[in-house]
Amino acid sequence: MNNIDYYNSLIINEKTILNRPKVNYRFKIVYAIAMLSVIASHCRGKGSIEFNIQGWFNYGSFHMPLFMFSAGYFFKNKNVNHTCLYIYGKFKRLIIPIYLYNIFYGFYNHLLKNIGFENIRPFSFRIIFIEPSIGKGYRNVLPSWFCSALFCVQVYNILKRKLTTTIFKKKTHELFYLIIDFFISSYSVILSNKGYNNITAYRIILRFTHLNIYYELGIFYKNDIEAFVENIKSDIYFIIIFTLKLLFHLYYSKEINFYYGASQYYNYSPLTVIIISILGISFWIRICRILEPILGTIFYINIIADNTYSIMINHLAAIDIIKMFFAFISKKTHYCKNFDFKRFYLFDSSYIYIPNNVRQSGILYFISSLYIPIIIQKAIDNIKKIINFSGL
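Residues numbered from 1 in each chain as written. Predicted model: local features only at pLDDT ≥ 70, side-chain atom pairs only at ≥ 80, totals over all residues. Heavy atoms only, no water.

(A) Seen up close, empty space enclosed by the protein. Taken as a whole and judged by the stated rule, the model has 2 cavities of 30 Å³ or more. Roughly 50 Å³ of volume is contained in the largest cavity. Considering the residues around the largest cavity, the lining is formed by Phe-117, Arg-139, Asp-320, Lys-323, Met-324, Arg-343, Phe-344, Phe-347 and Asp-348. In terms of residues, the lining of the largest cavity owes the most to one element, helix α12 (residues 308-332), which gives 3 residues. In terms of residue class, the lining of the largest cavity is built from 4 nonpolar, no polar and 5 charged. For the second largest cavity, the full set of lining residues is Ile-134, Trp-145, Ser-148, Ala-149, Cys-152, Ile-204 and Arg-207. At 4 residues, the largest contribution of residues to the lining of the second largest cavity is made by helix α6 (residues 145-168). Among the residues making up the lining of the second largest cavity, the classes are represented as 5 nonpolar, 1 polar and 1 charged. (1 Å grid on protein atoms, 1.4 Å probe; cavity = no way out; pocket = protein on both sides within 12 Å on 5 of 7 lines; lining within 4 Å. Points joined across faces, edges and corners; volume = space filled by probe spheres on them. Helix = DSSP H or I, 4+ residues; strand = E, 2+ residues; numbered from the N terminus. Nonpolar A, V, L, I, M, F, W, Y, C, P; charged D, E, K, R; others polar.)

Next up, the structure:
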């Protein structure tokens, strides 16, 4: 290589480095916190790391809105110019894997049935091909309802922008979208409180029409108010958040929680639901800003943030694996003799076995729920590489 080629290669490498997208480590932590909160809630708090801050921020009052906010934060308006391609890409990424996982877990469930497990749903066209589209299916993929809701939110978001751009011939201010979505979200809470969430067809619509406000808030935050919020000193910031939260707790005389998967808001007013969710988002966004210099580049934080889809889908199976491990020990050794095989074989997802009632041992469920799904995803990625390499 002569000197000219050498310097040209340096220029090319420099351009490659400069053009490489900057990693937003703050939101890596945000995604990790949201995912850890979901896992902690499903581990029933038994030995897992707690993120509810003594009831100040219960999991059900912020984790799904935090995911939606983060997804909205990274939305790019240029996608409006490629609406069909955008929707196809989201369908391929969010919906198709749900069907594939549902088929896989259908076989997995029936394998368990052959070794004595009960309450296993049968193979049917509805369960395999219809229910995943409405956030249902086999037990292990039930958390995928959020992926379906996110897809609906993203489709709605891109179509509303395409429509307003076509009508007004120019970009519409984010505040307009935020106001519209606020009323839609509020009305969905009203309908849920009237019992419409108990009807499956309505529940699908109510999920995404409420959660959409947080997706839009993420877009609005990034485009319009992020610089202002960033300049608020942390002491003033947290005083405002905790004061508002305390006022709500005093008014209702209890901790406030929701169940977004079932669109269950326990008769709280729409304004209460939205404000409480926004306070949870605000709290963790600032916490992640503070933690960014310390945790931003930590490998274990980033790998969780990069595999949230697999963790969301596969963490219930990971919990099952740990229970199977304890069941094996109970059968083959003199340890874990208080293991409840009846609940275990009934496929009771609420049953979390804690050896010798030592609560801290529940951390095994928490860690496994994170890293077994990551191992599954890495295995899938390697299979894809082999298939692509083979030209199959």
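(B) How the structure looks around the pattern of salt bridges. Taken as a whole, this structure holds 13 salt bridges when the rule is applied. We note a salt bridge from Arg-26 to Glu-292, for which the minimum N-O separation is 3.2 Å. You can see Arg-26 sitting in helix α2 (residues 25-42) and its partner Glu-292 sitting in helix α10 (residues 270-295), a full 266 residues away along the chain. The partner of Lys-160 in a salt bridge is Asp-181, with the nearest N and O atoms 2.4 Å apart. (Salt bridge = Lys/Arg side-chain N within 4 Å of Asp/Glu carboxyl O.)

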